[in-house]
Amino acid sequence: MARERLPGRGCCALRRCLLAAALLLGLRLCAELQRAGPQPPALSSPPGQAPRPPGSHLQPAPGQLRGASRRQVTYVRSGRRAPARGGRSGTPEPGCCALRGRPRLKGPRWQIDLQPWAGPARSLDEEALRFLRYISTIQIACDHMSTNSLATDSSPTEKPWLVCLDDRFGLVHQIRNKQCRLYSLGLGSDDTHFEVGMASSGCEVHRFDPSVKSAHVLESEHLWYHRLSIDWRDPHPAVAAQKPYSNTRKLGTILNEFGHHKIDVLKADLESAEWKVLENLILEDVLEQIGQLIFEIHLHWPGFEVSGSDSSVVRFWYSLLKELELQDFRLFHSYKDLSKPQLFLKKDIFNASSCYTLGWVNTRWK
């Protein structure tokens, strides 16, 4: 009697054969891929150009630094209205500001390094005498000083606003090549002879004054007025959101917004805000972008947001000026204004004026 074949046995054998074949095929494909190795994807290139190397599409564009955050900046040269948030048109910007150099990427410091006390007593007398001696001692001789660009003055000691035009410091070459740029920071002063003189010699002059009626005014061919006030801090984000066109900025912020990365001359008459503004320039490394500094300093009181005992205030002033020296700035001009009250921290002492105009030159400036 013939044995009866169990139903479905042939189907099970067929399934096992198919699974074995699929397994063998998969193993063979894996072996072939391992022998061939990974192949880079083909990168298309425009006709007539060589193929791009692998990864070139991931490299930053020329001038764009790795890790730099991308942000939209409307440069003033465009002369077009910058789109504001919500699709509304913004304030028209002047065609005054060309890109020159590259922006900084250094991180800010948090505080300046205070100099040692002038003496063991830590007294006002010790600190004041050291400070007054320092601002009255010329550190570098400048043979050609002027208030009117290339027209050298015969009696520069009687002029408060002076620039150094010695060939070794580069400013005179920038003026001759019509590549000079000057920033003037003021608060409603009517005396603009210095700015007008520099502009008439071909310098690109920007005067920042919050009392100006319009946002940007082209006074003459090279002289701009901006309704902006230079501060030692930017507005709080909450305030800036409510007033997107606030007229208060740090100098570093203004430089970035205007696309300016070099200032040949920075003139400042800030009515006792100069100490905090100077501190901000030091802490944020803006000084390396400046060729010459001309500051009017006020000594009749500590200044905005400068506090402490009289001796510690003068020590802070002195430490700021020593920071300039550490960054290769040298004092070439000192003017004592005898027309102002003779007060030093509200005291009639040391035969000091309440106002001095000081000029420094960056000896590394090219």
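Residues numbered from 1 in each chain as written. Predicted model: local features only at pLDDT ≥ 70, side-chain atom pairs only at ≥ 80, totals over all residues. Heavy atoms only, no water.

Trainee: Explain the side chain of Arg 315 to me, please; I cannot follow it from the model alone.
Mentor: Structurally, Arg 315 can be placed in helix α8 (residues 310–326). Among buried charged residues, Arg 315 stands out as having no salt bridge; its nearest opposite-charge side chain is Glu 127, 5.7 Å away. A distance of 2.7 Å separates a polar side-chain atom of Arg 315 from the backbone oxygen of Gln 115. With near-sequence residues (within four places) excluded, Arg 315 lies in contact with Leu 114, Gln 115, Pro 116, Trp 117, Glu 127 and Arg 130. (Helix = DSSP H or I, 4+ residues; strand = E, 2+ residues; numbered from the N terminus. Buried < 20%, exposed > 50% of the residue type's maximum accessible area, 1.4 Å probe, protein only. Lys, Arg positive; Asp, Glu negative; His and termini not counted. Salt bridge = Lys/Arg side-chain N within 4 Å of Asp/Glu carboxyl O. Polar contact = N/O pair within 3.5 Å; in protein donor to acceptor, adjacent residues only side chain to side chain. Contact = heavy atoms within 4.5 Å.)

Trainee: Mind showing me how you'd approach the confidence of the model for the chain here?
Mentor: Summarising the model, the chain shows a mean pLDDT of 78, and 68% of its residues fall at 70 or more. Of the regions scoring below 50 in pLDDT, residues 38–92 engages in 53 contacts with residues more than four places distant in sequence or in other chains. Confidence drops under a pLDDT of 50 for residues 98–104, and excluding neighbours within four residues, the segment shows 25 contacts in the predicted structure. (pLDDT = per-residue confidence, 0-100.)

Trainee: Explain a nonpolar patch on the surface here, please?
Mentor: Taken together, the side chains of Leu 23, Leu 24 and Leu 27 make up a nonpolar region of the molecular surface, amounting to roughly 340 Å² of accessible area. Structurally, Leu 24 is set in helix α1 (residues 9–36). (Patch = residues over 30% accessible without salt bridge, like charges linked within 9 Å, V, L, I, M, F, W, Y side chains within 5 Å. Areas by Shrake-Rupley, 256 points an atom, 1.4 Å probe, with all protein chains shown as cover.)

Trainee: When you look at the state of the cysteines in this model, what are you seeing that I'm missing?
Mentor: The term disulfide refers to a covalent linkage connecting the sulfur atoms of a pair of cysteines. Under the definition given, this model contains two disulfides. Across a sulfur-sulfur distance of 1.7 Å, Cys 180 and Cys 203 are joined as a disulfide pair. For the disulfide bridge between Cys 180 and Cys 203, the dihedral angle about the S-S bond is near 50 degrees, and by the sign convention the bridge is right-handed. Highlighted residues: Cys 180 in the loop between α3 (171–176) and β5 (181–185) and Cys 203 in the loop between α4 (193–200) and β6 (204–208), separated in sequence by 23 residues. (Disulfide = S-S within 2.5 Å.)

Trainee: How should the pairing of strand β11 (residues 263–268) be read in this particular structure?
Mentor: Every other side chain in a regular strand lies on the same face of the sheet, so the side chains alternate between the two faces. Within β11, six of the six residues are buried, which leaves it mostly tucked inside the rest of the structure. Bridging between β11 and strand β12 (residues 290–298) involves five bridges; their strand directions are parallel. Each bridged residue has a counterpart across the sheet, and for Leu 266 the counterpart in β12 is Leu 293. In the classification by handedness, the crossover that spans β11, the intervening helix α7 (residues 274–283) and the parallel β12 is right-handed. (Pairing = 2+ DSSP bridges. Right-handed = clockwise from strand over helix to strand, strands pointing away.)

Trainee: Could you clarify how one ought to interpret α7 in this entry?
Mentor: Every α-helix winds through 3.6 residues per turn, so residues three or four apart in the chain are directed the same way. Along α7, ten of the ten residues are buried, which leaves the element largely enclosed by surrounding structure. By the burial criterion, the buried members of α7 are Glu 274, Trp 275, Lys 276, Val 277, Leu 278, Glu 279, Asn 280, Leu 281, Ile 282 and Leu 283. Downstream of α7 by a residue or two, Asp 285 has a phi angle that is positive, lying close to 55 degrees.

Trainee: Just to check I follow, could you spell out the pattern of salt bridges for this structure?
Mentor: The full count for this structure, using the stated rule, is 13 salt bridges. Between Arg 130 and Glu 127 there is a salt bridge, with its nearest N and O atoms 2.8 Å apart. Placement of both Arg 130 and Glu 127 in helix α2 (residues 124–135) is noted, with a separation of three residues, approximately one turn of the helix. Given a relative accessible area of 16%, Arg 130 falls into the buried group. Classification of Glu 127 by relative accessible area gives buried; the value is 0%. Look at the salt bridges and you will find they share partners, linking Glu 195, Arg 207, Asp 209 and Lys 267 into a network.

Trainee: Sorry, what's going on with the sheet that holds strand β7 (residues 216–218) here?
Mentor: What holds strands together in a sheet is hydrogen bonding between their backbones, with the strands either parallel or antiparallel. An order of β7-β8-β6-β5-β11-β12-β14-β13 is seen for the eight strands of this open sheet, with the pairing classed as mixed. The sheet is open, and its two edges are formed by β7 and β13 (329–336), each paired on a single side. When the angles between neighbouring strand axes are averaged without regard to direction, this sheet yields 15 degrees. Summarising the sheet, β5 and β11 pair through four bridges and their orientation is parallel. Residue pairing in the sheet places Leu 182 in a bridge with Val 265 of β11. Its contacts with the sheet place α8 against β12, β13 and β14 (355–362), and it is angled at close to 135 degrees to β13. (Axes fitted to C-alpha atoms, helices over the stretch in contact; angles between N-to-C directions.)

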